[in-house]
Amino acid sequence: MNRCFRLTKNFEFMNVYRAGKRWSCAYFNMYVKKNNLERTRLGVSISKKVGKSVVRNRLKRRIKEIFRESIGNIKKGYDVVISVKPETANIEYGQMKKEIKNLLRRGRVWDD
């Protein structure tokens, strides 16, 4: 995923946590805040409770790929932070994709 579609700085994450709205499911917490840009940016936050670095990096890559595949269906102008819960380490890619898509719909960021 291109760098312009990612949240990279700590203050960007903190801004979304502080001023954004939160939705959650069994595997993820999602924070959404409107930005004044022509694109939607994604940030992924994974605690060390989820697993070792190999597991955490695999989950990050999968979430970024889901976001990249779905960028055409996601509304523009939002900052989205997905925080991963420890239970996520054991789910499959298809289930992960379904859960993220449902969260984006609940957050009114998904555009069919």
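Now for a look at the structure at hand. Positions within a chain are numbered from 1, following the residues in the order the chain's sequence is written. Only residues with pLDDT of at least 70 get local features here, since the model is predicted, and only at 80 or more are side-chain atom pairs given and counted; chain-wide, interface and lining totals rely on the full set of residues. To obtain the side-chain values, all non-hydrogen atoms of the structure were used and water was disregarded.

## Observations concerning the pattern of salt bridges
As a reminder of what qualifies: Here, a salt bridge means any side-chain nitrogen of Lys or Arg that lies within 4 Å of a carboxyl oxygen of Asp or Glu. To qualify as a helix, a DSSP run of H or I must reach at least 4 residues; to qualify as a strand, a run of E must reach at least 2; elements of each kind are numbered from the N terminus. Exposure is judged per residue with a 1.4 Å probe applied to protein chains only, and the accessible area is read against the type maximum: over 50% gives exposed, under 20% gives buried, and values in between give partly exposed.
What the rule picks out here adds up to four salt bridges. Close ionic contact of Asp 79 with Arg 41 constitutes a salt bridge, the shortest N to O distance being 2.9 Å. Pair noted here: Asp 79 is in strand β4 (residues 78–84) and Arg 41 is in strand β3 (residues 41–46), with a separation of 38 residues, a long-range link. In this structure, Lys 97 engages Glu 69 in a salt bridge whose closest nitrogen and oxygen atoms are separated by 3.0 Å. Separated by 28 residues along the polypeptide, Lys 97 in helix α3 (residues 93–106) and Glu 69 in helix α2 (residues 53–69) bring together distant segments of the chain. The exposure class assigned to Lys 97 is partly exposed, which follows from its relative accessible area of 34%. You can call Glu 69 partly exposed: its relative accessible area is 40%. Here the salt bridges share partners, and the residues they tie into one network are Glu 12, Arg 41 and Asp 79.

## So, the side chain of Glu 99
What counts here: Note on charges: Lys and Arg go in the positive column, Asp and Glu in the negative column, and His and the chain ends are not counted at all. Polar contacts, as used here, are pairs of N or O atoms within 3.5 Å; protein pairs need one atom able to donate a hydrogen and one able to accept it. Residues neighboring in sequence count only if both atoms are side-chain atoms. Whether two residues touch is decided by their heavy atoms; if any such pair falls within 4.5 Å, the residues are in contact.
Among the structural elements, Glu 99 can be located in helix α3. Lys 98 provides the closest opposite charge to the buried, unpaired Glu 99, separated from it by 5.8 Å. Separated by 2.9 Å, the side chains of Glu 99 and Gln 95 make a polar contact. Non-local contacts of Glu 99, meaning those with residues more than four positions away in its chain, are made with Cys 25, Tyr 27 and Phe 28.

By themselves, these are just geometric observations and shouldn't be taken as functional.
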